[in-house]
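# Chains, contacts and geometry: an overview
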Amino acid sequence: MRSSRGFIAGLIVLCQSSQSLAYAGIALFLPLIRTELGLTFTESGLFAIATTATYAAMQIPAGYLADRFGAKRVFLIGTLGVNLTALGFALLPTFGWLLLDQAVSGVFRSLMFAPGMVLMSRQFPPERRATAMGLFVALGFTSNIFLNTLGPVLVGPLGWRNLFLIFAALGLLFLVLFWKTPEAPGTGQDSRPVRLHELAAIMRERILWLCAGIQFVRLAVTGGTAMWLPTYLVADKGMSLQAAGLVLAAGALLSAPANFLGGYIADRFNRPVAVISTALVLIGGTLLLIVQAQSPAALLVLVAVNQFLVQIYFGPLFDIPVRALGREFAGTISGFSNFWANIGALFSLYLLGSAKDALGSFDAGFFLLAGLCAAALLLAVPVSRDLTRITTTATPAVSGR
């Protein structure tokens with residue numbers, strides 16, 4: 001008997017949450033990991049850089065594999081690999097081995113993203129695609145609420161390595177459940193595999209590259225703050241790890257509904273570019289205010305608002321090129337978009353850590369992230385024009401379909 005779409009969507013989210021726990025756990029416990037291994041801030045940033053570099057490099061291949069061989073198969077392989085590398089992070093003893101583990105983890109994380117987006121989108125009607133994409137990340141990252149709330153409490157008696165063992169065990173359990181559950185009716189793999197010459201035609205479309213530029217900024221901000229905010233609050237703002245965890249938990253609590261809300265508004269009013277532009281303006285403003293804030297109460301509010309905003313335009317931004325270029329290419333398009341997003345993340349991860357080592361503060365890095373938001377806002381103007389032109393014509397943007 002086939003399962004309902006809602007049940008399948010829930011299992012996809014549970015698998016996604018396992019990789020979220022492993023990735024966010026490194027950021028949260030980084031002060032402890034640094035102390036145990038005796039790392040500089042630049043060396044600490046290499047954990048995120050290693051996994052993000054391989055994750056970025058595999059985005060387009062992972063998307064194509066999902067379109068060519070089936071999203072569920074690729075997603076399951078990715079989930080297995082991510083949780084095995086989380087197990088490895090708990091057991092490996094030295095910095096070099098842990099760094100290699102994270103590089104391998106990035107490969108498997110890539111096999112979860114674009115295929116997972118395709119799987120989640122298939123559980124919703126086409127006109128709700130931005131909502132589906134937002135929910136894929138929103139519900140997956142709700143695990144961060146529990147991590148940031150309970151992690152600082154549990155890490156004392158259990159240690160960060162034992163917590164990663166728990167993360168891996170949960171992820172493998174979710175994997176088995178999803179593997180044993182058949183797909184819901186009407187949500188299986190598309191009947192016609194995507195051909196390579198069609199991918200070449202997609203890559204010539206300007207709207208894909210414009211969205212990629214905004215994606216660069218999106219994850220430069222999101223990845224940079226996700227990795228360095230815990231350390232920033234402890235090292236620059238003088239918070240305890242417990243207090244920083246509560247601040248980040250508040251942000252994670254708001255980021256979950258933000259993904260859904262942004263996708264819903266974009267779908268409901270057919271205004272994806274307006275959602276993106278508004279978010280970029282407000283994100284840049286909160287970054288500037290975080291640098292100036294000193295009181296814990298002000299930081300709590302600003303970080304929570306910032307984390308809400310960085311997630312609100314995820315669904316609309318991924319949906320725009322899929323809407324313009326074709327649902328049958330959704331895996332490859334999502335992979336291409338996320339490739340450039342992760343190049344942005346690599347840029348900010350290295351820059352913020354290096355700025356801290358060189359200048360003694362993260363402030364300059366946060367100022368640069370605010371400037372990138374302003375640059376992305378300029379790209380949103382031609383995106384709006386291209387989307388209007390493509391969606392008001394009867395002929396698809398990519399020929400040969």
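In case you missed it, the structure is sitting above this.
Everything in this summary refers to the structure shown in the same document. In this text, all values refer to a predicted model and were calculated from it rather than measured experimentally. Per chain, residue numbering runs from 1 following the sequence as it is written. At least 70 in pLDDT is required for a residue's local features to be given in this predicted model, at least 80 for side-chain atom pairs to be given and counted, and no such filter applies to totals for whole chains, interfaces and linings, which use all residues. Computation of side-chain values: all heavy atoms of the structure, hydrogens and water removed.

On to the overall build of the chain, then. Helix and strand counts for the chain come out as 17 helices and 0 strands. Atoms considered for the radius of gyration are the C-alpha atoms alone. The globule rule reads 2.2 Å times the number of residues to the power 0.38. The C-alpha atoms of the chain give a radius of gyration of 20 Å, which matches the 21 Å a tight globule of 401 residues would have. Taking the principal axes of its C-alpha atoms as reference, the chain extends roughly 60 × 45 × 30 Å. Note on exposure labels: buried denotes an accessible area under 20% of the residue type's maximum, exposed denotes more than 50%, and partly exposed covers the range between, all computed with a 1.4 Å probe on protein chains only. When burial is assessed residue by residue, the chain has 58% of its 401 residues classed as buried. Surface accessibility follows the Shrake-Rupley procedure with a 1.4 Å probe radius. Residue values consider only the protein chains on display as shielding. Accessible area for the chain stands at about 15,300 Å²; split by element, carbon and sulfur atoms hold 70% of it. In this description a helix means any DSSP run of H or I spanning at least four residues, a strand means any run of E spanning at least two, and both kinds are numbered starting from the N terminus.

Moving on, we get to helix 3 (residues 41-57). Each residue after the first adds 1.5 Å to the expected span of a helix. Compared with an ideal rise of 1.5 Å per residue, which puts 17 residues at 24 Å, helix 3 spans 24 Å between its outermost C-alpha atoms and is within 8% of the ideal. Largest kink in helix 3: about 30°, centred on F47. Taken together, the buried positions of helix 3 are occupied by F41, S44, G45, F47, A48, I49, A50, T51, T52, Y55 and A56. To get the bend at any residue, fit one axis to the seven residues that end at it and another to the seven that begin at it, then take the angle between the two axes.

So, about the environment of C15. Structurally, the position occupied by C15 is in helix 1 (residues 5-28). Taking the C-alpha atoms as reference points, C15 and G78, 63 residues apart in sequence, are found 9.8 Å from one another. Contact between two residues is taken to exist if any of their heavy atoms lie within 4.5 Å; hydrogens are not considered. Sequence-distant contacts of C15, that is, excluding residues within four places in its chain, are made with F75, T79, M112, F174, L175 and F178.

Below, the discussion takes up the nonpolar core. Formed by 114 residues in total, the largest nonpolar core has its most connected members in F29, F178, I214, I283 and Y313. Residue contributions to this core peak at 14 residues, all from helix 11 (residues 206-235). Among all residues touching F29, those that are not within four sequence positions of it are L147, G151, P152, V155, W160, L163 and F164. What makes a nonpolar core is a set of buried Ala, Val, Leu, Ile, Met, Phe, Trp, Tyr and Cys residues whose side-chain atoms join them at distances within 4.5 Å.

Once that is clear, we can look at the packing of aromatic side chains. The description of an aromatic ring pair rests on the distance of the ring centres and on the angle between the ring planes. Ring pairs are drawn from Phe, Tyr and Trp, using the six-membered ring of Trp, whenever the two centres fall within 6.5 Å, and their geometry is named by plane angle: stacked under 30 degrees, edge-to-face over 60, tilted for the rest. With the rule as written, the count across this model stands at 15 aromatic pairs. Ring geometry for F89 against W160: centres 5.6 Å apart, planes inclined by 55°, an arrangement best described as tilted. Here F89 is found in helix 5 (residues 71-91), whereas its partner W160 is found in helix 9 (residues 160-180), with 71 residues between them in sequence. Residue F89 is classed as buried on the basis of its relative accessible area, which comes to 0%. Judged by relative accessible area, W160 falls into the buried class, the value being 5%. In textbook terms, an aromatic cluster arises when at least three aromatic residues are bridged by ring pairs, as seen for F47, F89, F95, W160, F164 and F167. Lysine and arginine charges are scored as sitting over a ring when NZ or CZ, respectively, is within 6 Å of the ring centre and within 35 degrees of the ring normal. A cation over an aromatic ring shows up here: R109 above the ring of Y55, its NZ or CZ 4.2 Å from the ring centre.

For the rest of this paragraph, the subject is the pattern of salt bridges. Each reported salt bridge corresponds to a side-chain nitrogen of Lys or Arg within 4 Å of a carboxyl oxygen of Asp or Glu. Applying the stated criterion to the full structure yields 4 salt bridges. We note a salt bridge from R161 to E36, for which the minimum N-O separation is 3.1 Å. Taken together, the residues span a long stretch of sequence, with R161 in helix 9 and E36 in helix 2 (residues 30-37) at a distance of 125 residues. Residue classification places E36 among the partly exposed positions, given a relative accessible area of 44%.

Turning our eyes to something else, we now look at the packing of helix 6 (residues 95-121) against helix 16 (residues 330-359). Following both chains from N to C, one finds helix 6 and helix 16 inclined at 135°, their axes separated by 9 Å at the closest point. As far as their axial angle goes, helix 16 and helix 6 are oblique. As helix 6 runs across helix 16, the sense of the crossing is right-handed. Together, F113, A114, M117 and V118 of helix 6 and A330, G331, S334, G335 and N338 of helix 16 make up the contact between the two elements. Per-class residue counts for the contact of helix 6 with helix 16 are 5 nonpolar, 4 polar and no charged. An axis is simply a line fitted to the C-alpha atoms; with a helix, the fit covers only the stretch in contact. Between two such axes, the angle follows the N-to-C directions and lies from 0 to 180 degrees. Working rule for angles: under 35 degrees goes down as roughly parallel, over 145 as roughly antiparallel, 65 to 115 as roughly perpendicular, anything else as oblique. The handedness criterion is simple: a crossing whose near helix is rotated anticlockwise from the far helix by less than a right angle is left-handed, and one whose near helix is rotated clockwise is right-handed. All residues other than Ala, Val, Leu, Ile, Met, Phe, Trp, Tyr, Cys, Pro, Asp, Glu, Lys and Arg, Gly among them, are scored as polar; the first ten of these are nonpolar and the last four charged.

Don't take any of this as a statement about function, it's just geometry.
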